[in-house]
Amino acid sequence: MYAVKVLHGYISENGQRTRDKKRVRIFLNKNYAEAFADKIGGRVKEL
């Protein structure tokens with residue numbers, strides 16, 4: 001499972017930045033996570 005990290009937090013399920021690791025948007029495929037991170041300027045982190 002992968003999450004997209006930005007600045008001091010993660011991208012939540014509703015698209016907002018959050019610091020709560022329990023409510024992050026989960027990607028099962030690393031390629032999808034990297035494509036999304038490239039669009040918004042984040043990076044991928046494995047959970």
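An account of the accompanying structure is given in this report. Here the residue numbers are simple positions, counted from 1 along each chain's written sequence. Selection of residues for local features in this predicted model requires a pLDDT of at least 70, selection of side-chain atom pairs for listing and counting requires 80 or more, and totals for whole chains, interfaces and linings are taken over all residues. As a convention, hydrogens and water are excluded, and side-chain values are obtained from all of the structure's heavy atoms.

So, on to the sheet that holds strand β3 (residues 17-18). Only strands joined by at least two bridges in the DSSP assignment are considered to pair. Helical segments are the DSSP runs of H or I of at least four residues, strand segments are the runs of E of at least two, and each set is numbered from the N terminus. Within the open sheet, the four strands sit side by side as β3-β2-β1-β4. Their pairing is antiparallel. With partners counted over all chains shown, the strands left at the sheet margins are β3 and β4 (43-46), one partner each. Relative to β4, strand β1 (residues 2-6) runs antiparallel, the two sharing four bridges. When the sheet's bridge partners are listed, tyrosine 2 is paired in β4 with glutamate 46. Contacts were defined at the residue level, with two residues in contact if any of their heavy atoms lie within 4.5 Å. To get an axis, a line is fitted to the C-alpha atoms, and for a helix only the part in contact is used. The angle between two axes follows their N-to-C directions and goes from 0 to 180 degrees. Relative to the sheet, helix α1 (residues 30-40) contacts β1, β2 (9-11) and β4, its axis offset from that of β1 by approximately 15 degrees.

Even without glycine at this site, leucine 7 takes up a positive phi of about 40 degrees. Tracing the backbone through its elements, the reader meets leucine 7 in the loop between β1 and β2. With a relative accessible area of 74%, leucine 7 lands in the exposed category. Using a 1.4 Å probe on the protein chains alone, a residue whose accessible area is under 20% of its type maximum counts as buried, one over 50% counts as exposed, and one in between counts as partly exposed.

Looking now at the packing of aromatic side chains. Describing an aromatic ring pair means giving the distance of the ring centres and the angle of the ring planes. Put simply, two rings from Phe, Tyr or Trp (the six-membered ring, in Trp's case) pair if the centres are within 6.5 Å, and we call them stacked under 30 degrees between planes, edge-to-face over 60, tilted for the rest. Evaluated as defined, the whole model comprises one aromatic pair. Sitting above the plane of the phenylalanine 36 ring, arginine 25 keeps its charged end 5.1 Å from the centroid. Only lysine NZ and arginine CZ atoms are considered, and such an atom sits over a ring when it is within 6 Å of the ring centre and within 35 degrees of the ring normal.

Here a salt bridge means any side-chain nitrogen of Lys or Arg lying within 4 Å of a carboxyl oxygen belonging to Asp or Glu. Per the stated rule, a full pass over the model turns up one salt bridge. Note that glutamate 34 and lysine 30 form a salt bridge whose closest N and O atoms lie 4.0 Å from each other. With glutamate 34 and lysine 30 both in helix α1 and four residues apart, the pair spans about one turn of that helix. With relative accessibility at 39%, the residue lysine 30 sits in the partly exposed group.

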